[in-house]
Amino acid sequence: MPDLSRHARQLRELADALDAQSDLTDDPLAPHPDTLQVIDGRHISRGQINYAVPEVLQLQRRIRLYHADRGVQHGDIVAIALDVFLRAKGYPPDLAPSKAEER
């Protein structure tokens, strides 16, 4: 009997990736419900992210404008945008609590 464990693992990974994507809606950029739950958490630890981005895209200015219009915090805007992009590309987060967070 052939060993199908590799195929079974690949199917599980594919199923996990599909499960991590948002349900299809009218808005393809809608944040995943798990992401919104994390962002809404009051006592969630946060880390700094710092990357050089092209100034011509005016990302900092646009983030400030979106914050002023919608009241969404700057870090939350970046977190939602990156999470939506990475999930769409097949890179969902592992939201299981780490051993350090359980203590």
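Predicted model, so just to flag it, every value in this text is computed and none were measured.

Caption draft 1: Here's a closer look at the environment of Gly90. Mapped onto the secondary structure, Gly90 falls in the loop between α4 (74-88) and α5 (99-102). Sequence spacing of Gly90 and Leu14 is 76 residues, and the spatial spacing of their C-alpha atoms is 8.7 Å.

Caption draft 2: Local environment of the pattern of salt bridges. One pass over the structure, following the stated rule, counts 3 salt bridges. Here Arg9 and Glu13 are joined by a salt bridge, their closest N and O atoms 3.6 Å apart. Here Arg9 pairs with Glu13, and both are found in helix α1 (residues 5-20), just 4 residues apart, close to one helical turn. By relative accessible area, which is 41% here, Arg9 ends up partly exposed. Measuring nitrogen to oxygen at the nearest pair gives 2.8 Å for the salt bridge that ties Arg46 to Asp76. Pair noted here: Arg46 is in the loop between α2 (33-40) and α3 (59-70) and Asp76 is in helix α4, with a separation of 30 residues, a long-range link. The class of Arg46 is exposed, set by a relative accessible area of 55%.

Caption draft 3: Geometry of unusual backbone geometry. Of note in this structure, Gln58 is not a glycine but carries a positive phi near 50°. With respect to the helices and strands, the residue Gln58 is situated in the loop between α2 and α3. Here Gln58 falls in the partly exposed class, since its relative accessible area comes to 40%.

Rules and cut-offs
- Starting from 1, residues in each chain are numbered consecutively following that chain's sequence as written.
- Local features in this predicted model are restricted to residues of pLDDT 70 or higher, and side-chain atom pairs are both shown and tallied only at a pLDDT of 80 or more, whereas totals for entire chains, interfaces and linings draw on every residue.
- Side-chain calculation: all heavy atoms of the structure are included, whereas hydrogens and water are not.
- Helix and strand definitions follow DSSP, with helices as H or I runs of at least four residues and strands as E runs of at least two, each counted in order from the N terminus.
- In what follows, salt bridge is the name for a side-chain nitrogen of Lys or Arg lying within 4 Å of a carboxyl oxygen of Asp or Glu.
- Exposure categories follow from relative accessible area, calculated using a 1.4 Å probe and restricted to protein chains: below 20% of the type maximum is buried, above 50% is exposed, and the middle band is partly exposed.

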